[in-house]
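Residue-level listing of the chains:
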Amino acid sequence: MRRLTHLVLVAGVALPLIVIGGDAFGQVPPHTPGTVCFTPQFWCWASPPGPPGFACACQTSGGPIPGQLG
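All of the points below concern the structure found in this document. (Residues numbered from 1 in each chain as written. Predicted model: local features only at pLDDT ≥ 70, side-chain atom pairs only at ≥ 80, totals over all residues. Heavy atoms only, no water.)

Quick notes on the side chain of Thr39
Link 1 in the chain: For Thr39, the location among the structural elements is in the loop between strand 1 (36–38) and strand 2 (43–45).
Link 2 in the chain: Judged by its relative accessible area of 4%, Thr39 falls in the buried class. (Helix = DSSP H or I, 4+ residues; strand = E, 2+ residues; numbered from the N terminus. Buried < 20%, exposed > 50% of the residue type's maximum accessible area, 1.4 Å probe, protein only.)

Section: the state of the cysteines
Link 1 in the chain: Enumeration according to the criterion identifies two disulfides in this entry.
Link 2 in the chain: Each disulfide pairs two cysteine sulfurs, and for Cys37 the partner residue is Cys56, the sulfurs being separated by 2.0 Å. Taking the sign of the torsion about the S-S bond as the criterion, the disulfide between Cys37 and Cys56, at about 90°, is right-handed. Note that Cys37 is positioned in strand 1 and Cys56 in strand 3 (residues 55–60), a separation of 19 residues in sequence. Each of the two residues, Cys37 as well as Cys56, counts as buried.
Link 3 in the chain: At a sulfur-sulfur separation of 2.0 Å, the disulfide partner of Cys44 is Cys58. What sets the handedness of the Cys44 and Cys58 disulfide is the S-S torsion sign, and at about -95° it is left-handed. Residue Cys44 is located in strand 2, and its partner Cys58 is located in strand 3; the two are separated by 14 residues in the primary sequence.
Link 4 in the chain: Here Cys44 falls in the buried class, since its relative accessible area comes to 17%. (Disulfide = S-S within 2.5 Å.)

So this is what it looks like as structure tokens:
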């Protein structure tokens, strides 16, 4: 019973975070198409910009993360 209570508690906290996390791309500021690079986890300003849909990468401390211009 204690394990079930723990599972329900974890799910009750995790589920809203997952649902809210999906709105992260809604925080992208207005931009010219092709100037933002979208990765599965986040976005960054494209350097260099290019045509929407082309491959790009966001630089992180762990190395580049591939994405798509949008």
